[in-house]
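The chain contents come next:
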Amino acid sequence: MPKQVTLMRHAKSSWEDYSLSDYDRPLAPRGKKAAPRMGKYMLENKISPDVVLCSPAQRTKETLARVQTAFGGDFNICYDKMIYSAGMGHGLIELLHQLEDSYDHALIVGHNPAMQELALSLVNWIASRESEVQHFIRRKFSTGAIASMQFNSDNWKDVGLARGHLTHFMTPKLLG
């Protein structure tokens, strides 16, 4: 089966308690509402991962837990600190390359700028004719946003820059 990657930026986090480190910041009330709505959108649109690669930061773990409630089941989850400090995100491609080919769909729950940069660099924008979406993502990959793309390969090692076809892009704000 073709491989699919969904990138999700954590939902809106709280800046209420300045004594917390960045790593320990929880979700804000807006993020707590948005994450399950995005999970429901994913479920309704059959964006169903086999495996989840998640930053171990508090806000990403909370986002994933709230997305999971919409699915009503468990995911195979791998928490990896590299996702927290991924910078521009290209190192995350190596994490995808290490996945077992028995997985068909990976969800990465992480942070910006990595999620935004990966969405921009994994999709073959020339072939996709989605320039409006590309400009939208370039402007802002907002909290809680997802970008899902499909790759024409059965092998995770073939997932790479400009090889994906965008299948979904959604933000909590666009859901209304």
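Refer to the structure printed above.
These remarks concern the structure in this document. Source: prediction; values computed, not measured. (Residues numbered from 1 in each chain as written. Predicted model: local features only at pLDDT ≥ 70, side-chain atom pairs only at ≥ 80, totals over all residues. Heavy atoms only, no water.)

### A word on the pairing of strand β2 (residues 51–54)
(1) Moving on: Burial of the side chains of β2 extends over both faces: Val51 and Leu53 are buried on one face and Val52 and Cys54 on the other.
(2) Moving on: Note that β2 and strand β3 (residues 76–79) share four bridges and pair parallel. Within the sheet, the bridge partner assigned to valine 52 lies in β3 and is isoleucine 77.
(3) Moving on: Following the chain from β2 across helix α2 (residues 58–71) to the adjacent parallel β3, one finds a crossover that is right-handed.
(4) Moving on: Here β2 pairs with strand β4 (residues 105–110) via four bridges, running parallel. Within the sheet, the bridge partner assigned to leucine 53 lies in β4 and is isoleucine 108. (Buried < 20%, exposed > 50% of the residue type's maximum accessible area, 1.4 Å probe, protein only. Helix = DSSP H or I, 4+ residues; strand = E, 2+ residues; numbered from the N terminus. Pairing = 2+ DSSP bridges. Right-handed = clockwise from strand over helix to strand, strands pointing away.)

### Things to note about the packing of helix α5 (residues 114–122) against helix α7 (residues 131–139)
Each packed pair of helices is defined by two parameters, the angle between the axes and the distance between the axes.
(1) Moving on: The interhelical angle for the contact between α5 and α7, taken along N-to-C directions, is 155°, at an axis separation of 9 Å. Between α5 and α7, the interaxial angle falls into the category roughly antiparallel. For the element pair α5 and α7, the recorded crossing hand is left-handed. In contact with Gln116, Ala119 and Leu120 of α5, α7 contributes Gln134, Ile137, Arg138 and Arg139.
(2) Moving on: Residue composition of the contact of α5 with α7, by class: three nonpolar, two polar and two charged. (Axes fitted to C-alpha atoms, helices over the stretch in contact; angles between N-to-C directions. Parallel < 35°, antiparallel > 145°, perpendicular 65-115°, else oblique. Left-handed = near helix turned anticlockwise from the far one by under 90°. Contact = heavy atoms within 4.5 Å. Nonpolar A, V, L, I, M, F, W, Y, C, P; charged D, E, K, R; others polar.)

### So, the nonpolar core
(1) Moving on: Leu92 and Leu96 are the most contacted members of the largest nonpolar core, which has 33 residues in total.
(2) Moving on: At the level of secondary structure, the elements contributing two or more residues to this core comprise β1 (3–9), β2, α4 (92–97), β4, α5, α7, β5 (146–151) and β6 (164–170).
(3) Moving on: The biggest single contributor to this core is α5, with six residues.
(4) Moving on: Leaving out residues up to four positions away in the same chain, leucine 96 has contacts with Val5, Leu53, Ala106, Ile108, Trp156 and Val159.
(5) Moving on: Counting residues in each nonpolar core, the second largest holds 18 residues, with Leu27, Val67, Phe75 and Ile146 among its members. (Core = buried A, V, L, I, M, F, W, Y, C linked by side-chain atoms within 4.5 Å.)

### Some points on the sheet that holds β5
(1) Moving on: An order of β3-β2-β4-β1-β5-β6 is seen for the six strands of this open sheet, with the pairing classed as mixed. For this open sheet the edge positions go to β3 and β6, each flanked by a neighbour on one side alone. Looking at each pair of strands side by side, their axes are set apart by 20° on average, direction ignored.
(2) Moving on: Most of the contacts of α2 go to β4, to which it runs at about 135°, and overall it touches β1, β2, β3 and β4.
(3) Moving on: Packing of α5 onto the sheet brings it into contact with β1, β4, β5 and β6, and relative to β1 it is tilted by some 150°.

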